[in-house]
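Structural overview
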Amino acid sequence: MSRSRKVEPAAAVNAAMELFWTHGFCELGTRQIEQETGITRFTLQTSYGGKMQLFLAALDAYLDIFEQSEMLHTASGGLEGVAVFFEIRGDAAAMPDIACQGCLMLNSMSEFAHREAEVNLRTERYLSLLRRGIQTGLERAKEDGDLSAEFDTKGMAEVLLGAALGLNAVIRASEGDAAGKTMATSIAAMVRGWGGS
């Protein structure tokens, strides 16, 4: 009989998060999960409820980290904060190594394409966090007089939400850091250009 390995739940979920981030849900098998996280197949079923439940726990952990991240809070800091938010995301040196895989939530959104209700709930949480951070920054810029009273903060937050998702897709798809950095710098320059409009 094989010996069971004890793995701290938080460490196991974090290890699983990196695996799903790198390989996606469908490409990742239970044997690889067992080998790289230390979670036995038995424990995967009994403690986590299977691969899908572990994946959802990994998404929840990712979203909790994202919600508390300094990068997201930077976006709410006025026009300059929104610009810096994009610059940080485009700077590989400012991000954890795993971030070269793009964004776990964007990768998951693409993989599942609205076919899994529980993933959809997490997608909505992610989009809401990102949208709120950017829109708060634009509204603050308007209050500070950096944007005109007629500036459509809600509409332009949607534009920047799309830009953030596109930036993550470019980072995931590109070899090296140049494409992501160029795109992020261009988005930041566009945002700064809105000042006084």
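**A word on the overall build of the protein**
The helix and strand inventory of the protein stands at 10 helices and zero strands. On the principal axes, the C-alpha backbone points of the protein span a range of 70 × 30 × 30 Å. Approximately 10200 Å² of the protein is accessible, and the part contributed by carbon and sulfur atoms is 52%. Taking the average location of the 18 positive side-chain charges in the protein and that of its 26 negative ones, the two points are 8 Å from each other.

**With respect to the layout of surface pockets**
One number sums up the size of the largest pocket: a volume of about 420 Å³. Lining the largest pocket are 25 residues, with Tyr62, Phe66, Ser69, Met71 and Met95 sitting closest to its centre. Tallying contributions element by element places helix α6 (residues 78-90) first for the lining of the largest pocket, with four residues. Grouping the constituent residues of the lining of the largest pocket by class yields 19 nonpolar, four polar and two charged.

**Focus on the packing of α6 against helix α8 (residues 117-143)**
Helix packing for two helices is described by the angle between their axes and how far apart those axes are. Between α6 and α8, the least distance of the axes is 6 Å, while the angle of their chain directions is 145°. Judged by residue contacts, Gly78, Leu79, Val82, Phe85 and Phe86 of α6 engage Leu130, Ile134, Gly137, Leu138, Arg140 and Ala141 from α8.

**Points about the pattern of salt bridges**
Inspection of every chain in the model, using the stated rule, returns eight salt bridges. Taking the shortest distance from any N to any O, the salt bridge between Arg125 and Glu67 comes out at 2.8 Å. Highlighted residues: Arg125 in helix α8 and Glu67 in helix α4 (residues 51-68), separated in sequence by 58 residues. Put simply, Glu158 and Arg131 hold a salt bridge, and the shortest N to O gap is 2.4 Å. One end of the pair, Glu158, is in helix α9 (residues 153-173); the other, Arg131, is in helix α8, and 27 residues separate them in sequence. Of the residues examined, Glu158 reaches a relative accessible area of 35% and is grouped as partly exposed. The network of salt bridges with common partners includes Asp60, Glu118 and Arg122.

**Details of helix α7 (residues 104-112)**
Side chains three or four residues apart in an α-helix point the same way, a direct result of the helix having 3.6 residues per turn. Among all positions of α7, only Leu104, Met105, Leu106, Asn107, Ser108 and Phe112 are buried. Buried residues along α7 sit in contact with α1 (9-23), α4, α8 and α9. Positive backbone phi, approximately 45°, marks Ala113, located one or two places after α7.

**Some details on the nonpolar core**
By size, the foremost hydrophobic cluster in this structure holds 61 residues, and its most contacted members are Phe20, Leu54, Phe86, Tyr126, Leu138 and Leu160. Residue assignment for this core shows that the elements contributing at least two residues are α1, α4, α5 (70-75), α6, α7, α8, α9 and α10 (178-193). The dominant element in this core, judged by the number of residues it contributes, is α4, at nine residues.

**Topic: the confidence of the model for the protein**
Mean pLDDT over the protein works out to 91, with 95% of the residues at or above the 70 mark. Per-element averaging of pLDDT across the protein places helix α3 (residues 41-46) at the bottom with 90 and α8 at the top with 97.

**Structural notes on the packing of α7 against α9**
Contact geometry for α7 and α9: axes closest at 10 Å, N-to-C directions at 90°. Regarding the angle of α7 to α9, the classification is roughly perpendicular. Contacts between α7 and α9 involve Leu106, Asn107 and Met109 on the former and, on the latter, Leu165, Asn168, Ala169 and Arg172. Each residue belonging to the contact of α7 with α9 can be placed in one class, and the counts come to four nonpolar, two polar and one charged.

**Concerning the packing of aromatic side chains**
In total, this model carries nine aromatic pairs according to the counting rule given. Measuring from centroid to centroid gives 5.3 Å for Phe151 and Trp194, while their planes differ by 50°, and the two rings are tilted. Taken as a pair, Phe151 in the loop between α8 and α9 and Trp194 in the segment after α10 lie far apart in primary sequence, 43 residues in all. Per residue, the accessibility class of Phe151 equals that of Trp194, and both read buried. Ring pairing ties together the aromatic residues Phe20, Phe25, Phe55 and Phe112, which thus form one cluster. Looking at Lys51, its charged tip hangs above the ring of Phe25, at a distance of 4.3 Å from the centre.

The rules behind the values
Residues numbered from 1 in each chain as written. Predicted model: local features only at pLDDT ≥ 70, side-chain atom pairs only at ≥ 80, totals over all residues. Heavy atoms only, no water. Helix = DSSP H or I, 4+ residues; strand = E, 2+ residues; numbered from the N terminus. Areas by Shrake-Rupley, 256 points an atom, 1.4 Å probe, with all protein chains shown as cover. Lys, Arg positive; Asp, Glu negative; His and termini not counted. Charge placed at Lys NZ, Arg CZ, Asp CG, Glu CD. 1 Å grid on protein atoms, 1.4 Å probe; cavity = no way out; pocket = protein on both sides within 12 Å on 5 of 7 lines; lining within 4 Å. Points joined across faces, edges and corners; volume = space filled by probe spheres on them. Nonpolar A, V, L, I, M, F, W, Y, C, P; charged D, E, K, R; others polar. Axes fitted to C-alpha atoms, helices over the stretch in contact; angles between N-to-C directions. Contact = heavy atoms within 4.5 Å. Salt bridge = Lys/Arg side-chain N within 4 Å of Asp/Glu carboxyl O. Buried < 20%, exposed > 50% of the residue type's maximum accessible area, 1.4 Å probe, protein only. Core = buried A, V, L, I, M, F, W, Y, C linked by side-chain atoms within 4.5 Å. pLDDT = per-residue confidence, 0-100. Parallel < 35°, antiparallel > 145°, perpendicular 65-115°, else oblique. Phe/Tyr/Trp six-rings, centres within 6.5 Å; stacked < 30°, edge-to-face > 60°. Lys NZ or Arg CZ within 6 Å of the ring centre and 35° of its normal.

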